[in-house]
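Descriptive structure summary
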Amino acid sequence: LGVAPHLTLAVMDDVLPAPLIGRVNALAARTNPFTLNFDRIDMFEGSETVLYLAPQASTALRRLHEAFHESAVGIGTSTDHTRPGSWVPHATIAMALRKRPLAAAHRLLSNSFFAFNARVTDLAVIRFRPVVRFQGVTKVHQVPLGAAAP
């Protein structure tokens, strides 16, 4: 995929990067790192097939997602599938596979999958298609959770 493992909180169209980065900094500063338990491999089928790792429901993750969407009002439009109420938290491991290879990969990986924990430690702003991180002047924008905004 060309990007580090991550959970997408929102996919936004027509977003203004500078205000978004400011709001991400503020959200990160008031959010403490937390742990998620990934307990299964699953898939989305549709116009774009996706194989993903699914975390168990977490109050901390749900609150972070809702807080992001509340803070992002007025700076861009989130796609329907990433809005609260429709969002399925996931970490994509493969996408744009044909249905048959996707189903085979899902079966194979599900049979050998072991649940694991992962820490959520940072928020980042990423431009997708192609994956390019929004850049301030010259640096990549990423901010640790619980840290003062840069």
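Since the structure is predicted, the reported quantities are computational estimates derived from the model, not experimental observations.

It is worth spelling out the pairing of strand β2 (residues 34-44) at this point. Note on strand geometry: in a regular strand, side chains alternate between the two faces of the sheet. In this sheet, strand β6 (residues 116-120) lies alongside β2 in antiparallel orientation, the contact comprising five bridges. Each bridged residue has a counterpart across the sheet, and for F34 the counterpart in β6 is V120. In this structure, β2 lies alongside strand β3 (residues 50-55), joined through six bridges in antiparallel fashion. Considered in β3, the bridge of R40 is made with A54. Connecting the antiparallel pair β2 and β3 is a turn made up of five residues.

A few words on the confidence of the model for the chain. Note that predicted coordinates carrying low pLDDT should not be read in detail. Across the chain, the average pLDDT comes to 82, with 86% of residues at or above 70. The least confident element of the chain, judged by mean pLDDT, is strand β9 (residues 132-133) at 48; the most confident is β6 at 95. Ignoring residues within four places in sequence, the model shows residues 130-140, a span with pLDDT below 50, making 23 contacts including any to other chains.

Residues I93, L108 and L109 make up a contiguous nonpolar surface patch of roughly 260 Å² in combined accessible area. On the secondary structure map, L108 appears in helix α3 (residues 99-111).

Each value, and the rule that gives it
Residues numbered from 1 in each chain as written. Predicted model: local features only at pLDDT ≥ 70, side-chain atom pairs only at ≥ 80, totals over all residues. Heavy atoms only, no water. Pairing = 2+ DSSP bridges. Helix = DSSP H or I, 4+ residues; strand = E, 2+ residues; numbered from the N terminus. pLDDT = per-residue confidence, 0-100. Contact = heavy atoms within 4.5 Å. Patch = residues over 30% accessible without salt bridge, like charges linked within 9 Å, V, L, I, M, F, W, Y side chains within 5 Å. Areas by Shrake-Rupley, 256 points an atom, 1.4 Å probe, with all protein chains shown as cover. Salt bridge = Lys/Arg side-chain N within 4 Å of Asp/Glu carboxyl O.

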